Amino acid sequence: MDDDRTADARLQRLLYVLPAAMREGGAGLKDLADALDTSTQRIVEDLEELTSRVYYRPGGWPDDVQILLDTDRVRVVRAAGFER
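Residues numbered from 1 in each chain as written. Predicted model: local features only at pLDDT ≥ 70, side-chain atom pairs only at ≥ 80, totals over all residues. Heavy atoms only, no water.

*Asks:* Before we go on, may I ask you to explain the overall build of the protein chain in this structure?
*Replies:* Assigned secondary structure in the protein chain consists of 3 helices and 3 strands. The N-to-C order of helical and strand elements in the protein chain reads α-β-α-α-β-β. For the protein chain, the residues scored as buried account for 27% of the 84 residues in total. Of all intrachain contacts in the protein chain linking residues separated by at least 6 positions in sequence, the fraction that spans at least 24 positions is 51%. Total accessible area on the protein chain is roughly 6200 Å²; 49% of this is exposed by carbon and sulfur atoms. (Helix = DSSP H or I, 4+ residues; strand = E, 2+ residues; numbered from the N terminus. Buried < 20%, exposed > 50% of the residue type's maximum accessible area, 1.4 Å probe, protein only. Contact = heavy atoms within 4.5 Å. Areas by Shrake-Rupley, 256 points an atom, 1.4 Å probe, with all protein chains shown as cover.)

Structure below.
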């Protein structure tokens with residue numbers, strides 16, 4: 001049985017969510033949840049877990065990346081050069 005709470009499952013979702021949220025206008029939470037066969041709450045929890053670890057390890061979080069979460073949409077705003 002797959003457990004969508006594992007670190008691997010979370011990483012796989014974030015690797016889908018972050019690039020989608022970088023597109024112009026961001027991405028709808030429901031659209032992301034549907035594409036990943038999960039709940040919008042799980043997507044929000046993944047993003048909260050990611051951003052709560054900003055100072056968890058040396059190296060921190062890039063200053064030029066912001067995750068903006070509205071009630072129904074997520075956007076990633078970054079400075080130029082983060083496309084890789």
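*Asks:* How should the pattern of salt bridges be read in this particular structure?
*Replies:* Between side chains of opposite charge, a pair can form as their charged atoms come close. If you walk through the whole model with that rule in mind, you get 6 salt bridges. Each of the salt bridges in this network shares a partner with another, and the network as a whole consists of D4, R42 and E45. (Salt bridge = Lys/Arg side-chain N within 4 Å of Asp/Glu carboxyl O.)

*Asks:* What am I meant to see in the packing of helix α1 (residues 7–22) against helix α3 (residues 40–52) here?
*Replies:* The relative placement of two packed helices comes down to the angle between their axes together with the axis-to-axis distance. The interhelical angle for the contact between α1 and α3, taken along N-to-C directions, is 95 degrees, at an axis separation of 10 Å. One way to sum up the angle between α1 and α3 is to call them roughly perpendicular. Of the residues in α3, those in contact with R10, R13, L14, V17 and L18 of α1 are R42, I43, E45, D46, L47, E49 and L50. Of the residues belonging to the contact of α1 with α3, the class tally is 6 nonpolar, no polar and 6 charged. (Axes fitted to C-alpha atoms, helices over the stretch in contact; angles between N-to-C directions. Parallel < 35°, antiparallel > 145°, perpendicular 65-115°, else oblique. Nonpolar A, V, L, I, M, F, W, Y, C, P; charged D, E, K, R; others polar.)

*Asks:* Explanation requested: the sheet that holds strand β2 (residues 65–69) in the structure shown.
*Replies:* Strands in a sheet are paired, the pairing made by backbone hydrogen bonds, and the direction either parallel or antiparallel. The strand order across the open sheet built from 3 strands is β1-β3-β2, with neighbouring strands paired in antiparallel fashion. Of all the strands in the sheet, the pair left with one neighbour each is β1 (27–28) and β2. Of the strand pairs in this sheet, β2 and strand β3 (residues 73–78) are connected by 5 bridges, and their pairing is antiparallel. Residue L68 lies in a different strand from β3, and its bridge partner there is R75. (Pairing = 2+ DSSP bridges.)

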